Amino acid sequence: MEALVARLSHLDSHVQATIRVVMFYDTLMRRRVDLPALARASAGLAETVAGVRLHGTGQVIRVAPDGRPAAATPSPPSSTAPITLDDEEIGTVWLERSGPPGPLDEVLLDRLALAAAAVVERYGPARTTMADPALVELAISADTDEAGRARALRLLGFAAEVPVRVVAVRSSLPLDRVGSLICPSRPVKAAPLADVGVLLATSVTTAQLPDDVRAGIGAADRPDRSWRQARTALRFTTARQPVVHHDDLGALALLAELPADTVRKNTDVAAIARLAGHPEDLETLDAYCATGSLRRAAEVLHLHHTSVARRLDQIGRAWGVELTEPAGLTRARLALAAWRLLET
């Protein structure tokens, strides 16, 4: 009988401790903490290193019991648990004990995984999902009626009342990877359409992009309007400006609506076309137009500012435009942008 009482007391203590762990994570979720805060709290509770990894972005968070980032060299996990969202494994959580797992580690990791899934669903990071191109085309087409568009968006996972932002992409990278780079804070739906990749998201926060990525970003509006804006913005991208927001184009966006023949016949655009046969001069003009300053252009080109001034003077004389004057700079910027539109 004494042995039975002792055993029941032990079980009761374990159950109480389990309940405290569950309440601990319930409190964290009510406070709407993020992934780093979850990892810090878990490491402190477990009194060992706790880790979180998201498969989609490769994000890894490892925290020591004192709340600081863990040592660069991780110890082998003593126990792990998958992070699951919508029946898909999106990541892993783990503890790094030097000895065997503790009696509450399984419960702790289970609650940490559930909490991490809830954080990802609410705040991101992005899970870029390749979507049915037919559904995406229905959502962004100007010919789709509102009922059909709402149904397509619902099937893609977007709430009807939330504005969707469309991104038009050209890149040799896989579209899901581009989505994780361009939209790192929210779920993304991606699909290839003809020669352009399409990303749909409720918000976009651009990150540092590889050299071969170009992205035009439409406004958070109706998907069909945002798609038109995204394609226009994509035409204005360059190696120096690989991401262009349509909202930032302002009146420049009007250039995209001009007939190509009208643009081609313009004398300033024709001057840029002639300059294209001299890559060094075109690069100099491009740097000057992008920076608006001789000295900053010289820094970009790794030249002395007097060399840049000399080149611009030669270009301006052949063109008949004083490029270092405000009016000349404006003409050069407009002509350069219009010429690029002919090439896209």
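### Digging into the packing of helix 11 (residues 279–291) against helix 14 (residues 326–342)
- Between helix 11 and helix 14, the least distance of the axes is 10 Å, while the angle of their chain directions is 115°. In this structure, helix 11 meets helix 14 at a crossing whose hand is left-handed. Two secondary-structure elements touch here, helix 11 through Leu282, Leu285, Asp286, Tyr288, Cys289 and Thr291 and helix 14 through Leu329, Ala332, Arg333, Leu336, Trp339 and Arg340.

### Examining the layout of surface pockets
- Put simply, the largest pocket is a space of about 560 Å³.
- Taken together, 20 residues line the largest pocket, and the ones lying closest to its centre are Gln241, Leu252, Cys289, Ala337 and Arg340.
- A class-by-class count of the residues in the lining of the largest pocket yields ten nonpolar, four polar and six charged.

### Observations concerning a nonpolar patch on the surface
- Taken together, the side chains of Val15, Ile19 and Met23 define a hydrophobic patch exposed on the protein surface, amounting to about 280 Å² of accessible area.
- Its location among the elements puts Ile19 in helix 1 (residues 2–30).

### Some points on helix 10 (residues 267–275)
- Residues of helix 10 that are buried: Asp268, Val269, Ala271, Ile272 and Leu275. Around the axis of helix 10, the buried residues are gathered within 155° of arc, so they sit on the same side. Counted as exposed and oriented over 90 degrees from the buried face of helix 10: Thr267 and Arg274.
- Close packing links the buried residues of helix 10 with helix 9 (260–265), helix 11, helix 13 (305–319) and helix 14.
- A distance of 2.9 Å separates the backbone nitrogen of Asp268 from a side-chain oxygen at the start of helix 10, and that oxygen is part of Asn266.

### Structural notes on the sheet that holds strand 7 (residues 188–193)
- Reading across from one edge, 5-7-8-6-9-10 is the order of the six strands in this open sheet, with mixed pairing throughout. Where the open sheet ends on each side, the last strands, each with one partner, are strand 5 (128–130) and strand 10 (243–245). With strand direction ignored, the average angle separating the axes of adjacent strands in the sheet is 25°.
- On the sheet, helix 4 (residues 133–140) packs against strand 6 (165–170), strand 7 and strand 8 (196–201) and is oriented at approximately 95° with respect to strand 7.

### Quick word on the environment of Thr238
- The residue Thr238 is located in the loop between helix 7 (223–235) and strand 10 in this model.
- Measuring from C-alpha to C-alpha, the distance between Thr238 and Leu109 comes to 46 Å, with 129 residues separating the pair along the chain.
- The residues touching Thr238, leaving out its near neighbours within four places in the chain, are Arg214 and Arg340.
- Within the structure, the side chain of Thr238 is placed 3.3 Å from the backbone nitrogen of Arg240, a separation counted as a polar contact.
- A polar contact is formed between the side chain of Thr238 and the backbone nitrogen of Gln241, at a distance of 2.9 Å.

### Side note on the pattern of salt bridges
- Following the criterion strictly, the structure yields 16 salt bridges and no others.
- Here Asp221 and Arg225 are joined by a salt bridge, their closest N and O atoms 3.0 Å apart.
- For Asp221, a relative accessible area of 26% puts it in the partly exposed group.
- On the accessibility criterion, Arg225 (32% relative accessible area) is partly exposed.
- Its salt-bridge partner being Asp268, residue Arg331 comes within 2.7 Å of it at the nearest N-O pair. You can see Arg331 sitting in helix 14 and its partner Asp268 sitting in helix 10, a full 63 residues away along the chain.
- Note on Arg331: relative accessible area 37%, which makes it partly exposed.
- Judged by its relative accessible area of 11%, Asp268 falls in the buried class.
- Via salt bridges that share partners, Glu146, Arg149, Arg222 and Asp224 belong to a single interconnected network.

### Thoughts on helix 12 (residues 294–301)
- Turning to helix 12, its buried residues are Ala297, Ala298 and Leu301. Around the axis of helix 12, the buried residues are gathered within 105° of arc, so they sit on the same side. Exposed positions of helix 12 whose direction lies more than 90 degrees from the buried face are Arg295 and Glu299.
- For helix 12, the elements touching its buried residues are helix 11 and helix 13.
- At the C-terminal side of helix 12, His302 shows a positive phi close to 60°.

### A closer look at the sheet that holds strand 4 (residues 88–96)
- One open sheet accounts for four strands, arranged 2-1-4-3; its pairing is antiparallel. Two strands bound the open sheet, and with one partner strand each, they are strand 2 (60–63) and strand 3 (79–85). Strand-to-strand twist across the sheet, computed as the mean angle between neighbouring axes with direction ignored, equals 15°.
- Bridging between strand 3 and strand 4 involves seven bridges; their strand directions are antiparallel. Bridging from a neighbouring strand, Thr80 pairs with Trp94 of strand 4.

Conventions used here
Residues numbered from 1 in each chain as written. Predicted model: local features only at pLDDT ≥ 70, side-chain atom pairs only at ≥ 80, totals over all residues. Heavy atoms only, no water. Axes fitted to C-alpha atoms, helices over the stretch in contact; angles between N-to-C directions. Helix = DSSP H or I, 4+ residues; strand = E, 2+ residues; numbered from the N terminus. Left-handed = near helix turned anticlockwise from the far one by under 90°. Contact = heavy atoms within 4.5 Å. 1 Å grid on protein atoms, 1.4 Å probe; cavity = no way out; pocket = protein on both sides within 12 Å on 5 of 7 lines; lining within 4 Å. Points joined across faces, edges and corners; volume = space filled by probe spheres on them. Nonpolar A, V, L, I, M, F, W, Y, C, P; charged D, E, K, R; others polar. Patch = residues over 30% accessible without salt bridge, like charges linked within 9 Å, V, L, I, M, F, W, Y side chains within 5 Å. Areas by Shrake-Rupley, 256 points an atom, 1.4 Å probe, with all protein chains shown as cover. Salt bridge = Lys/Arg side-chain N within 4 Å of Asp/Glu carboxyl O. Buried < 20%, exposed > 50% of the residue type's maximum accessible area, 1.4 Å probe, protein only. Arc of directions from axis to C-beta. Polar contact = N/O pair within 3.5 Å; in protein donor to acceptor, adjacent residues only side chain to side chain. Pairing = 2+ DSSP bridges.

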